[in-house]
Amino acid sequence: MYSVNKELIIRSGSEAVDFALLKDGKLIELHKEKEDKNLFAVGDIFIAKIRKPVAGLNAAFVNVGFEKDAFLHYHDLGPNLPSMMKFIKLVSAGKLKDYTLKSFPFEKEIDKDGAIADVLSSNQSILVQVVKEPISTKGPRISSELSMAGRYVVLVPFSDRISISQKIDSKEEKDRLKRLVQSIRPKGFGVIVRTVAEGKKVAELDKDLQNLLDKWTGMCKRIPSAHHPSKVLGEVNKVSSILRDVFNDTFTGIYVDDEDLFYATKDYLQEIAPQKANIVKHYQSRELPLFEKYNIERQIKTSFGKTVSMSKGAYLIIEHTEALHVIDVNSGNRSNKALSQEDTALEVNLIAAAEIARQLRLRDMGGIIVVDFIDMSNPDNRKKLYDFLREEMSDDKAKHKILPPSKFGLVQITRQRVRPEVNIKTREEDPNNENQEIEAPILVIDRISADLERLKGHKKVVINAHPFVAAYLTKGFPSIRTKWYLEHKKWIKVIPRDAYTYLEYHFFDSKGNAIAE
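Residues numbered from 1 in each chain as written. Predicted model: local features only at pLDDT ≥ 70, side-chain atom pairs only at ≥ 80, totals over all residues. Heavy atoms only, no water.

### Examining the side chain of glutamate 355
Residue position: glutamate 355 is located in helix 9 (residues 341-363). Here the side chain of glutamate 355 touches lysine 26 through a polar contact of 3.3 Å, side chain to side chain. Beyond its immediate sequence surroundings of up to four residues, glutamate 355 is in contact with Lys26, Val308, Met310 and Leu316. (Helix = DSSP H or I, 4+ residues; strand = E, 2+ residues; numbered from the N terminus. Polar contact = N/O pair within 3.5 Å; in protein donor to acceptor, adjacent residues only side chain to side chain. Contact = heavy atoms within 4.5 Å.)

Written out as structure tokens, the structure reads:
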């Protein structure tokens, strides 16, 4: 059976830590954690102050210490808000020292369709959790229904519900997990069982639960002396939170270039998956930086532009508007005589679907995404494409919904985004014109290689290019031209042309006639 290589590459810089998730060497997720202690990360819990409830919005503006007030809607309050408010009041005043909720009397739940002004007033203190980081000019989105995520379970204070991940299919397994959690659930806390708990023993779930209870107790101890507003519980460090959310038994390697981070990663894995702790390796080469070694820098340059090249000459155009993202699928000028137009469309669409699933995760694109696939008249092919796209996106942790293709071949996707979109500059200063920007040189080389692929029928090919590009193609060993020779079994002549602009190149045959790229 085909096995997938899943690797996490962790690079430490002076101001940030970069995390790259690779699947069979292909970059599928990229995260950056800046060393800024005041960031509002998803999962952070704050003791905050209600600025003012706004009846018209049925929401309150809350001061969490950010330049813009956070927005708390009535539906994000949680049914046991009165119990939580009473608890905070007693703990802040130092009148309550038992934080377990074992003997804490709960208040009456709030009305599901009530009004904000009936339950909150200005200047009250409230515990809130960041559910969406500040994006653009908006403050963080928050909820007062708190949850603390562990490896296998999520602890929900002021609740008594037990719920099991919908992704666990087996009814027997759901019932088994429910019975186990019922026996270890602490009074006053609800528990959500995560997908990775499938098949786990009670001791592992209990250990996870106890860790979360300790976290809760530690947080409550900070409340009496905490400044309002301030952070009382930070998400675990980024290494732990990324490992907790993306790590599973299919990982084959984790490579870290910083000694302290290496030990922190190894310790965390030792705790959550001891049998996998030996896949963590400390990368120490001085000659080749970690991201270069795994070809990540190149993939970043070629993956974040407006145009994304794919195999067989096909490419995507990704445009962003205020309201939505639009992705256009293009087949390039490729023609495969063996395939009919319908088969070609299906082939390109399937290549594009896999790349789109990767792009959405890589850029963390959210909101509404409209994809214009190549038209297919066969309904079976449309279904095949829809099923394939769903399968490719099944690994995506962000909540998403995909609608079947419309009559025009449009597929609509909604995808939840909780962090600002990853946006990486792939254009560089044009040496020919200081005021202009051009695509990174690596993209020019990739495009020339893709064009050569399409010119297979020509026995002799001569490339005319800017001297910089010509030198890049021919210098070094093995040069790019040597690799082409091995791949195409023909020697490509490269002629530097001073008159060409940086991005310009043209193909000619042995008689000097131009070949259309």
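### Points about the pattern of salt bridges
Taken as a whole, this structure holds 15 salt bridges when the rule is applied. Note that glutamate 319 is salt-bridged to lysine 306, the shortest N-O span being 3.4 Å. Here glutamate 319 is found in strand 17 (residues 315-320), whereas its partner lysine 306 is found in the loop between helix 8 (296-303) and strand 16 (307-309), with 13 residues between them in sequence. Using a relative accessible area of 37% as the deciding quantity, one classes glutamate 319 as partly exposed. Across the salt bridge formed by glutamate 355 and arginine 358, the nearest N and O atoms sit 2.6 Å from each other. One end of the pair, glutamate 355, and the other, arginine 358, are both in helix 9, three residues apart, so they sit about a helical turn from each other. Where salt bridges share partners, they join Arg11, Asp18 and Glu297 into one cluster. (Salt bridge = Lys/Arg side-chain N within 4 Å of Asp/Glu carboxyl O. Buried < 20%, exposed > 50% of the residue type's maximum accessible area, 1.4 Å probe, protein only.)

### Observations regarding helix 3 (residues 171-184)
An ideal rise of 1.5 Å per residue puts 20 Å on 14 residues; helix 3 measures up with 20 Å between its terminal C-alpha atoms. For helix 3, the complete set of buried residues consists of Glu173, Leu177, Leu180, Val181 and Ile184. What you see down the axis of helix 3 is that its buried residues fit within an arc of 95°, all on one side. Of the exposed residues in helix 3, those oriented more than 90 degrees away from the buried face are Lys171, Glu172, Arg179 and Ser183. Contacts from the buried residues of helix 3 go to strand 11 (162-164), strand 12 (189-193) and helix 4 (202-222). Two or three places before glutamate 172, at the opening of helix 3, serine 170 has a side-chain oxygen 3.3 Å from that residue's backbone nitrogen. (Expected span 1.5 Å × (residues − 1). Arc of directions from axis to C-beta.)

### With respect to helix 6 (residues 259-272)
When the terminal C-alpha atoms of helix 6 are compared, their 20 Å separation across 14 residues agrees well with the 20 Å that a helix rising 1.5 Å per residue should span. Residues of helix 6 that are buried include every one of Leu261, Phe262, Thr265, Tyr268, Leu269 and Ile272, and no others. Buried positions in helix 6, seen along its axis, are confined to an arc of 135° and lie on one side of it. Seen from the buried face of helix 6, the exposed residues on the opposite side, beyond 90 degrees, are Asp260 and Asp267. One side-chain oxygen at the N-terminal end of helix 6 lies 2.9 Å from the backbone nitrogen of leucine 261; it belongs to aspartate 258.

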